[in-house]
Amino acid sequence: MTDFYQGRAWIELDRAALRHNVERLQALLPTGSALMPAVKANAYGHGAVPISKELNALGVDAFCVATIFEGIKLRQNGVRGEILILGYTHPQYAPFLHQYHLTQTVLDCSYALELDACNQNINVHVKIDTGMHRLGERCEHLKELQQIFDCGQLHITGAYTHLYADDFTLPVDRASAFKQSRAFYQTIEQLREMGYVIPKVHLLASGGLLHCPDIGGNYARPGIALYGQLSTKEEWNKAEDELRPVLSLKARIALVRNLYQGEGAGYGHQFRAERDTKIAVVSIGYADGLPRSLSNGIGGALVHGHIAPIVGRICMDQTLLDVTDIPAVVSGDIAVFIGKSGNQEITACDVAEQAGTISNEILSRLGERLERRLA
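To keep things clear, this report deals only with the structure shown in the data block.

### Here's the deal with the layout of surface pockets
By rolling a water-sized probe across the atoms, one finds the places where empty space is left. For the largest pocket, the calculated volume is near 870 Å³. Lining the largest pocket are 37 residues, and of these His162, Leu163, Ala205, Ser206 and Asn360 sit closest to its centre. Within the residue set of the lining of the largest pocket, elements represented by two or more residues are helix 2 (40–44), strand 9 (200–205), helix 9 (206–211) and helix 10 (233–238). It is helix 9 that contributes the most residues to the lining of the largest pocket, five residues altogether.

Here it is as C-alpha cells:
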C-alpha cells in the first residue's frame, strides 16, 4: 500500500547523502573548527526540523537560522546546541531569545544598545562588516565596536563576518576573500588586545569552505553545499568535492488523457496539440514551489526514466506533462521533478538554470504542503 504522505506530491530526503556531505565538509574544516550548518529557510526547503535533528544525531551541535521564529521552532522540536540568528530580531522579542537559549547577531552599535536596554542577559555574536556592506559594524569602527563589547547585558560568545565572493575559483574572488579575512582577524586582534574576550570567530560559508578553508575560524557555516547542491550548474561543474544531493521532489500522476490534434489544454490553451497527444496531469503546481517560469516546454519531469516536457501553464496545484512518447504511463505513476528516474537525473541546478535563477531559490521556495521524510 502506498504511504499516505506519497499520495500527492512530496520530498524525499536521503539520510545517507546528508551523512556523506557532513563527513566531506568536516574533512575540509581547519583544525579546531566545527560545522555550524545554515538551516534557515526551512533548511533550504529540505525541512529544518528533520534535517537539524538528523544533524544532532551526527554530532553537529551548532546551527544558524535567519529569524527568531525559525530558532524557536527548532527548540520546540528538541534540537540541541547553539542556534545563531543571523538576521534582525525586534528588541521586543528579547525575552524569547533568553527563554529559548538563542544567540542573536548584533547588527551594529545602535542595535546593540537597543538590545542591551532590554535587560535580558542575551547571548550574542557580533557581526563585523569587512566588505559585504549589508549587516554588521564596519571593521574600522573600533570605537563603536568597543561600545558593543561594553554592553553589560550582552554576553558575547563570538564574532563573525560574511565573505562576498561569488565564485571562489576566480583569482579576484579568492583575493577579495583573503583581504576580508585579514581585515577581520586584524579587528579581532585589536579587540582582544584591548582586553575583550571573543571565544569563537567564523567567516566561512559553503564557497569559502570548499575553496578557501585555510581562511580558518572556529565555525564554518555551510548552506547549499550541506544539501549536496551548489548555486549554479557552472559551479557544480567546477566542483572538485563529491557532494550528494539530499532532496528529491516527486509527484503523482492524477490521470492520463488524450488530446486530438488541434485541441488545447490548460489556461489560455497555451498548449495546442500539433498531433494526437497523451498528457499526464500531475498533482503539483506553483503553490508547491514549482516555478511557473518552467511552463510551456521550458522545464520537464522524469517519468519511467524518460523526460516529459511541461506543456501549457503550470497551475497553482496541477502541471501538465507530454507523455506521448513514453509507454505505459497510467494514473498513480510518479513524476520526478528533482532527482533520479532510471538512468536520468534532473538536479536543482538544472531546474534553476531553466528558471533563470539559482538552486538556493528553487529549493528554499518548496512549499510547506509537501511532506518531507528522511529515508
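### A short note on the side chain of Asp333
Looking at the secondary structure, you find Asp333 in the loop between strand 17 (319–322) and strand 18 (334–341). Although Asp333 is buried, it makes no salt bridge; Arg252 carries the closest opposite charge, 6.4 Å away. Look past the residues within four positions of Asp333 in its chain and what remains in contact with it is Ala251, Arg252, Ile253, His304 and Ala328.

### Things to note about helix 6 (residues 109–116)
Since the α-helix advances by 3.6 residues per turn, residues separated by three or four positions end up pointing in the same direction. For helix 6, the set of buried residues is Cys109, Tyr111, Ala112, Leu115 and Asp116. Seen end-on, helix 6 carries its buried residues on one side only, within an arc spanning 160 degrees. In this structure, the buried residues of helix 6 make contact with strand 5 (103–106), strand 6 (122–129), strand 7 (137–138), helix 7 (142–149) and strand 8 (154–160).

### Some details on the pattern of salt bridges
Considering all chains together, one arrives at eleven salt bridges under this definition. The closest approach of N and O atoms between Asp350 and Lys233, which form a salt bridge, is 2.9 Å. Of this pair, Asp350 sits in helix 11 (residues 348–355) while Lys233 sits in helix 10, placing them 117 residues apart in sequence. Looking at Lys233, the relative accessible area reads 32%, which means it is partly exposed.

### Structural notes on the packing of aromatic side chains
Evaluation of the coordinates by the stated rule reveals six aromatic pairs. Between the aromatic rings of Tyr44 and Tyr227, the centroid separation amounts to 5.3 Å while the plane-to-plane angle is 35 degrees, which identifies the pairing as tilted. Within this pair, whereas Tyr44 is found in helix 2, its partner Tyr227 is found in the loop between strand 10 (219–221) and helix 10, the two being separated by 183 residues in sequence. No difference in accessibility class separates Tyr44 from Tyr227, as the two residues are buried. Their ring planes at 65 degrees and their centres at 5.6 Å tell us that Phe184 and Tyr185 sit as a pair that is edge-to-face. Following the ring pairs from residue to residue traces out a cluster consisting of Phe69, Tyr93 and Phe96. Across the ring face of Tyr219, the terminal group of Lys200 is positioned such that the distance to the ring centre comes to 5.8 Å.

### A word on helix 4 (residues 68–76)
All of the buried residues in helix 4 are Ile68, Gly71, Ile72, Leu74 and Arg75. Projected down its long axis, helix 4 shows its buried positions confined to an angular sector of 160 degrees, all on one face. Facing away from the buried side of helix 4 by more than 90 degrees, the exposed set consists of Phe69 and Gln76. Contacts made by the buried residues of helix 4 are with helix 3 (48–57), strand 3 (62–65), strand 4 (82–85) and helix 5 (94–99). Taken from the residues just after helix 4, Gly78 is the one with a positive phi, measuring 85 degrees.

Parameters and conventions
- Residues numbered from 1 in each chain as written.
- Predicted model: local features only at pLDDT ≥ 70, side-chain atom pairs only at ≥ 80, totals over all residues.
- Heavy atoms only, no water.
- 1 Å grid on protein atoms, 1.4 Å probe; cavity = no way out; pocket = protein on both sides within 12 Å on 5 of 7 lines; lining within 4 Å.
- Points joined across faces, edges and corners; volume = space filled by probe spheres on them.
- Helix = DSSP H or I, 4+ residues; strand = E, 2+ residues; numbered from the N terminus.
- Buried < 20%, exposed > 50% of the residue type's maximum accessible area, 1.4 Å probe, protein only.
- Lys, Arg positive; Asp, Glu negative; His and termini not counted.
- Salt bridge = Lys/Arg side-chain N within 4 Å of Asp/Glu carboxyl O.
- Contact = heavy atoms within 4.5 Å.
- Arc of directions from axis to C-beta.
- Phe/Tyr/Trp six-rings, centres within 6.5 Å; stacked < 30°, edge-to-face > 60°.
- Lys NZ or Arg CZ within 6 Å of the ring centre and 35° of its normal.

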